[in-house]
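Residues per chain, in single letters:
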Amino acid sequence: MARPAIRPTRRQFLKTSAAVAVGAGATRPFGAPALAQRPKLAYWCYQFLKSSDDARANFAQEWAKKNNVDLQISMVPLKEFLPKITAAIEAKATPDIIESDAVELRARGQLLDVTDLYKKLEKTYGGWVGNSPKIMLEPDGRVHHIMYGFQGFMLMSRDDLVKEAGLTPPPATWVDMLAYAKKAQKLPRIFGMGIPVSNQTDSQVWEDMMKSYGARLADEKGKRIVLGDYKPQVWEFLDFFTEVWKAGVLPPGVTTWDNTMNNSTYQSGKAVFILNPITLSLWLEENNPELLAKTGHYTYPKGPKGLIQPVTFGSRAIMKYTKVPDLAKQFLWDSMEPGKMDREHGVSQWGPVLKAYLGFDVWKKKPFMKGLIDLSLRGEPQGYPDVFNDAWREQHTNTTISRMLQRLVVDNWSRDKAFVEALDVLGKIYSKYAV
Amino acid sequence: MAIRHRSVAVALPTSARPTRWPSVRTRESLGGMALLAPTLLLLLGLVLYPFCYAIWLAFSDKTVGSPGQYVGLRNFIYVLSWPQFSAAVTNTIVFTVCAVAIKFVLGMAVALVLNQRIRARNFFRAFLLLPWVMPAFVVYLVWRWLYDPLAGLINYALLDIGVIASPIAFLSDRSTAMGSVVVAHAWRNFPFYAISFLAGMQTISQELYDSAQVDGASRIRQFRHITLPGLYHIIGVVLLLTTIQTANAFEPIYLLTGGGPSDATMVYTMLVYVMGIMNLRLGEAAAVSTLFLPLLVGLVLGVTMLLQKKANA
């Protein structure tokens, strides 16, 4: 005979549940105390070139393990950084450390002051390289982001094709480059110049070219638009651009290229010249060493008024909302240690920012790294001779100069009409920041 | 007299009288309202608050990370004088009208075919959904490659069969850019039309077609007088939903042209993205959206009224 099942009453069930819950709660203070005390650090790591990204992410993991930190790494591509950080700030759920060029966030007061760290690094590692201080220091002497590398656009040239055409690389001026491109290209398979003229920021290389013709956008203070005073210089540049367009050296489709198309065009052997950072060379080193061997790396050609060679950079910053500012600063300090940077520079696209890094072997081992050293030592901050400020930045993301060029070749506007529109747009943007 | 009056007023059995409960009907109404309240609050929180907040943003100088101050109509004046705004208005209308028209015609045609008794009908019905279930970015990157003037399949084929002598830059020529974007968008989204119309067609009684056939009505007349009227309500819902969706489309423009060449495909969503996300100026971006609100409402009302008129007729 089966025994009848004893069913607990509701009261008994509640009593037992409460006892279990209390017991479980009581054991918590004794369980894994170290885990409970581990500080948390959220780190948004810039994602672009895998070898470089891996090096930085691996260092961060090791650092976290060594310092008993609960580190959360998120790899964030540059293109997604602004949408993501915008949402994070508005949702008040920001990371502690970010990697970007940080300029927009600095201007909006979102970053922690790291002037002490800047000075300590400067003192310990023999000073900053090139224009790093100009980029990091604000007019009041404060610093809100620490640069970890320079990078920038260089002239990458299919030297084999140039030599085959009976020419000696590199072309000295932009006009020479056009002449070289016309002679070295092999239509319809290989085009002379793989340069975008679209609504993507890579197209702003045309702004650098325009400035090497002697023009500038705004006054010395970066407040008032003065491009209208440089009409002859702009006209000379527009004549040059029109000649480039008519010569058929730009591949079809450049007016809607995104920021990857110049890379892929060169990678597939369809361009003689492109303007690009050495990320492409690092990719070629692994994936197409034959093409890398045929590639020369040079600073930009000159314009009639000299050389304009801008540099961009990568930097780390601490969001002002962090609950662990000292720990975040410690991470920033440790991540600039020369031994670590030596390993990282060997696999990344970044040029040296501290003088202690200039002696690394990597600069001598790889021929294309030489160009990176030149760029780091002599490159001017983006926008030069204009001031690199919020207004310049907005007109840059708006691709104002490239749009002016598109008006000429896509809509067949006259130079006057396109120039007037560009002046109007620049005026509107700069006037917002003038107050 | 006064005392008597007082004693009547105070000692009256009013306090002793039992409390009157609301009627059953009132109690039911109150209960119903109480049950609906959480949903209503949720709807207010999820729909009305963001909507009002967006309107407030349009009147503020809000940038990312700053609380924003009231600036009156400044953002609207700025946006209206911005050169890309007028292009965005025209392009959004052109894109929406053309894409909806193509999707409608294509969807109807495919639905008509798949409503017939053809071999492997179920397979084709499932196959039809393929473009719609694929992630948008995959679809548009594939189309980008198809259109590519240097390595794209379309140019390769046209050159190979001798239709063209030199490659066409579909996405980079003002005359072809918008059309190319519309085609890619229509290809991805027409299956929704087809499936919806097909579902509607299956509810129309076969007897109506049989009778019409007996009366000697041609296929076209059957379509005009039986199929189309039978689908009016579905057409209404589909057009309403997809007009809103198409006007708010962002991926095709962002991934195919970035709004170029020379703003030939600049639509308002792209402009909002540039102003709000790239430049972090949320007030200006909200002003663009707010200015487009009447246009979108007008488009939707237009479509609805047109269909209502047809249905009533």
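Note that residues are indexed from 1 along each chain, following the sequence as it is written. By the order in which they are written, chains take letters starting at A while ligands take numbers starting at 1. Owing to the predicted nature of the model, reporting of local features is limited to residues with pLDDT of at least 70; listing and counting of side-chain atom pairs is limited to 80 or more, with chain, interface and lining totals taken over all residues.

When helices and strands are counted, chain A shows 21 helices and 10 strands. Partly exposed residues are those whose C-beta has more than 12 but fewer than 20 other C-beta atoms within 10 Å; with 20 or more the residue is buried, with 12 or fewer it is exposed, and the C-beta atoms are placed from the backbone. Residue burial in chain A is summarised as follows: out of 435 residues, 45% are buried. For chain A, restricting intrachain contacts to residue pairs at least 6 apart in sequence, the fraction spanning at least 24 positions comes to 76%. Runs of E in the DSSP output that reach at least two residues are strands. Runs of H or I that reach at least four are helices, and both are numbered from the N terminus. What counts as a contact is two residues whose backbone-derived C-beta atoms lie within 7 Å of each other.

Before going further, it helps to spend a moment on the overall build of chain B. Across its full length, chain B carries 14 helices and zero strands. Moving toward the C terminus, one meets the helices and strands of chain B in the order α-α-α-α-α-α-α-α-α-α-α-α-α-α. Our radius of gyration is a C-alpha quantity, and the globule rule it is checked against amounts to 2.2 Å times the number of residues to the power 0.38. Over its C-alpha atoms chain B spans a radius of gyration of 29 Å, topping by over 25% the 20 Å that the globule rule assigns to 313 residues. Taken over the C-alpha atoms alone, chain B extends approximately 115 × 65 × 35 Å along its principal axes. By residue count, 33% of the 313 residues in chain B fall in the buried class. When contacts within chain B are restricted to residue pairs at least 6 apart in sequence, long-range pairs at least 24 apart make up 70% of them.

Right, let's talk about the domain arrangement of chain B for a bit. Residue and element names in this part refer to chain B. The source of the domain bounds is an automatic or database domain assignment. Partitioning chain B into domains gives domain 1 (24-58) and domain 2 (74-312). Distance from the C-alpha centre of domain 1 to the C-alpha centre of domain 2: 34 Å. Tallying the contact residues gives four residues for domain 1 and seven residues for domain 2. Ten residues, namely Ala, Val, Leu, Ile, Met, Phe, Trp, Tyr, Cys and Pro, are considered nonpolar, four, namely Asp, Glu, Lys and Arg, are considered charged, and the remaining ones, Gly among them, are considered polar. A breakdown of the residues in the side of domain 1 that touches domain 2 according to their chemical character gives four nonpolar, no polar and no charged.

So, on to helix 21 (residues 415-433) of chain A. All names here are of chain A. Compared with the 27 Å implied by 1.5 Å per residue over 19 residues, the 28 Å span of helix 21 between its first and last C-alpha is a close match. Restricting attention to buried positions, one finds in helix 21 the residues Ala418, Phe419, Ala422, Leu426, Ile429 and Tyr430. Taken end-on, helix 21 shows its buried residues confined to a sector of 100 degrees, consistent with a single buried face. A helix is expected to span 1.5 Å multiplied by its residue count minus one. It is the directions from the helix axis to the C-beta atoms whose arc is reported.

Attention shifts here to the pairing of strand 3 (residues 97-100) of chain A. Side-chain positions along a regular strand alternate between the two faces of the sheet. All names here are of chain A. Note: strand 1 (residues 40-47) against strand 3, two bridges, orientation parallel. Looking across to strand 3, one finds that Tyr43 is bridged to Ile97. Relative to strand 9 (residues 310-318), strand 3 runs antiparallel, the two sharing four bridges. Paired with Ile97 across the two strands is Ile318, which belongs to strand 9. The pairing criterion for strands is at least two bridges between them, as found by DSSP.

As a further point, take the confidence of the model for chain A. Residue and element names in this part refer to chain A. A residue's pLDDT is the predictor's confidence in that residue, given on a scale from 0 to 100. In the predicted model, chain A carries a mean pLDDT of 88, and the fraction of residues at 70 or more is 91%. In the model, residues 1-5 has pLDDT below 50 throughout and makes zero contacts with residues more than four positions away in sequence or in other chains. Confidence drops under pLDDT 50 across residues 21-34; counting only partners more than four residues distant or on other chains, this segment forms zero contacts.

At the interface, 24 residues of chain B touch 30 residues of chain A. Across the side of chain B that touches chain A, the residue classes tally to 12 nonpolar, 10 polar and two charged.

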